[in-house]
Amino acid sequence: MFSNGLRVVVTGAGRDTGRTLALAFAERGAHVAVSARDPAAAGRTADLIAQGGAGSAEAFGCDLANPDSVRGFAAALADRTDRIDILVNNGAAYLPGAGLDDASDDDIVATIAGAATGTVLLTRHLLPLLRASDRPDIVNLVSACGEVGHHRSDAHPAYYAAKHAQAGFAGILSHRLRAEGIRVISLYPPDFEQDGPRGPGTPLTARSVVECVLFAVGQPRDCFIREFHFEQVRPE
C-alpha cells in the first residue's frame, strides 16, 4: 500500500530501469531523489516526473565508484529531508566480456567499486534517515549473476564478482536489520530487456522487474520478502 509523500531514493536513475523505477514511484505520489553518475541524465528523469504524475523529484549527481561522491550525495539528502522511506540500490555499471582480458584494469575497478563498495557506503550513510522512517525498505537490484552457480550471462567475471558482493551484503543486512523493522529486499533478475512483449515465452522486461519492486514494498509491515528469483527463458 502506498501513500502520498513517501520519500524514495533511486540510484542509477538517469536511464533505463532506474528511470522506470523513479517514474513508477512518482506516479504513486512519492517524492523521489533521483541520482545518476551523470547529473544531466538525473535531471532529465526529474524533468519527466515534473511533467506528469502525482509525485515530485530532485536530481543529484552521484558516482557510486567514488566514495567522496557517495558521501556528498548522502550529505545533500540529509540537508533536505529528515527521513528516507525507501532506498533503491539500482546503480551499477554493466561490464561485458567473457574473458578477464576483455576489460581494462580501470573498468574492472570501477565495476566492482560502483556495485559493491558504492552500495555498502551509500546504505551505511543513509541508514540514519531510514531508521527515522516508520516504514523503511532497502531494495537491491542485484542480478542473477549474484546467484551461486549462475553462468548464463555474457557479463565480465568482474561483474559477477561485484554482484556476488552485493548479494552477500544484502543477505547479512536483511538478517541484522530485521529486528529494527527495516526490510531488505533483493531482486536477482537474469539479463532482461527494457521493453518488449510480456508473454510466457519472452524475455523478462524492466517493467516486470519494477512491478516486483512495487509489490514488495507495498506489502504490510509483517511481510518480509527477502528475495525474488526468476526463471530464465533463454535457451542454454
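Here's a quick rundown of the structure. (Residues numbered from 1 in each chain as written. Predicted model: local features only at pLDDT ≥ 70, side-chain atom pairs only at ≥ 80, totals over all residues. Heavy atoms only, no water.)

What to know about helix 2 (residues 39-50)
Look at helix 2: 16 Å from first C-alpha to last across 12 residues, which is about the 16 Å you get at 1.5 Å a residue. Contact partners of the buried residues in helix 2: helix 1 (16-27), strand 2 (31-36) and strand 3 (56-61). N-cap assignment for helix 2: the residue whose side-chain oxygen lies 3.0 Å from the backbone N of alanine 40 is aspartate 38. (Helix = DSSP H or I, 4+ residues; strand = E, 2+ residues; numbered from the N terminus. Expected span 1.5 Å × (residues − 1). Contact = heavy atoms within 4.5 Å. Polar contact = N/O pair within 3.5 Å; in protein donor to acceptor, adjacent residues only side chain to side chain.)

With respect to the sheet that holds strand 5 (residues 137-141)
Pairing in this open sheet of 7 strands is parallel, and the strands run 3-2-1-4-5-6-7 from one edge to the other. Bordering the open sheet on either side are strand 3 and strand 7 (227-229), each of which pairs with just one other strand. Neighbour-to-neighbour, the strand axes of the sheet open up by a mean angle of 15°, direction not taken into account. Note that strand 4 (residues 86-89) and strand 5 share 4 bridges and pair parallel. Looking across to strand 5, one finds that asparagine 89 is bridged to asparagine 140. In the packing of helix 2 onto the sheet, contacts are made with strand 2 and strand 3, and the angle to strand 3 comes to roughly 180°. (Pairing = 2+ DSSP bridges. Axes fitted to C-alpha atoms, helices over the stretch in contact; angles between N-to-C directions.)

Remarks on unusual backbone geometry
Generally, phi is negative for residues other than glycine and the peptide bonds are trans, each holding for most cases. Backbone geometry places aspartate 16, a non-glycine residue, at a positive phi of 50°. With respect to the helices, strands and loops of the structure, aspartate 16 is situated in helix 1. The class of aspartate 16 is partly exposed, set by a relative accessible area of 37%. (Buried < 20%, exposed > 50% of the residue type's maximum accessible area, 1.4 Å probe, protein only.)

Some details on empty space enclosed by the protein
One water molecule sets the probe size; rolling that probe over the atoms shows where empty space is left. Evaluated as defined, the whole model comprises 1 cavity of 30 Å³ or more. Here the largest cavity defines a volume of roughly 40 Å³. Every residue along the wall of the largest cavity is listed here: Ala167, Ala170, Gly171, Ser174, Val184, Ser186, Tyr188, Arg226 and Glu227. The greatest single-element share of the lining of the largest cavity, amounting to 4 residues, is contributed by helix 5 (residues 157-177). (1 Å grid on protein atoms, 1.4 Å probe; cavity = no way out; pocket = protein on both sides within 12 Å on 5 of 7 lines; lining within 4 Å. Points joined across faces, edges and corners; volume = space filled by probe spheres on them.)

Description of the packing of helix 3 (residues 67-80) against helix 4 (residues 105-131)
Where helix 3 meets helix 4, the axes come as close as 9 Å, and the angle between the chain directions of the two elements is 15°. Of the possible angle classes, the one that applies to helix 3 and helix 4 is roughly parallel. As helix 3 packs across helix 4, the resulting crossing turns out to be right-handed. Only Leu121, Leu122, His125, Leu126 and Leu129 of helix 4 make contact with helix 3, whose side of the interface consists of Pro67, Val70, Arg71, Phe73, Ala74, Leu77 and Ala78. Considering only residue class, the contact of helix 3 with helix 4 consists of 10 nonpolar, 1 polar and 1 charged. (Parallel < 35°, antiparallel > 145°, perpendicular 65-115°, else oblique. Left-handed = near helix turned anticlockwise from the far one by under 90°. Nonpolar A, V, L, I, M, F, W, Y, C, P; charged D, E, K, R; others polar.)

So, the environment of arginine 71
Position of arginine 71 among the secondary structure elements: in helix 3. Between the alpha carbons of arginine 71 and glycine 118 there is a distance of 9.9 Å; along the sequence they are 47 residues apart.

A look at the layout of surface pockets
In this structure, the largest pocket occupies an estimated 1,000 Å³ of space. Arg15, Asn90, Ala92, Ala93 and Tyr94 are the residues nearest the centre of the largest pocket, which is lined by 37 residues in total. Every element with two or more residues in the lining of the largest pocket is listed here: helix 1, strand 2, helix 4 and helix 5. Here the element with the most residues in the lining of the largest pocket is helix 4; it accounts for 5 residues. In terms of residue class, the lining of the largest pocket is built from 17 nonpolar, 12 polar and 8 charged. Approximately 190 Å³ is the volume found for the second largest pocket.

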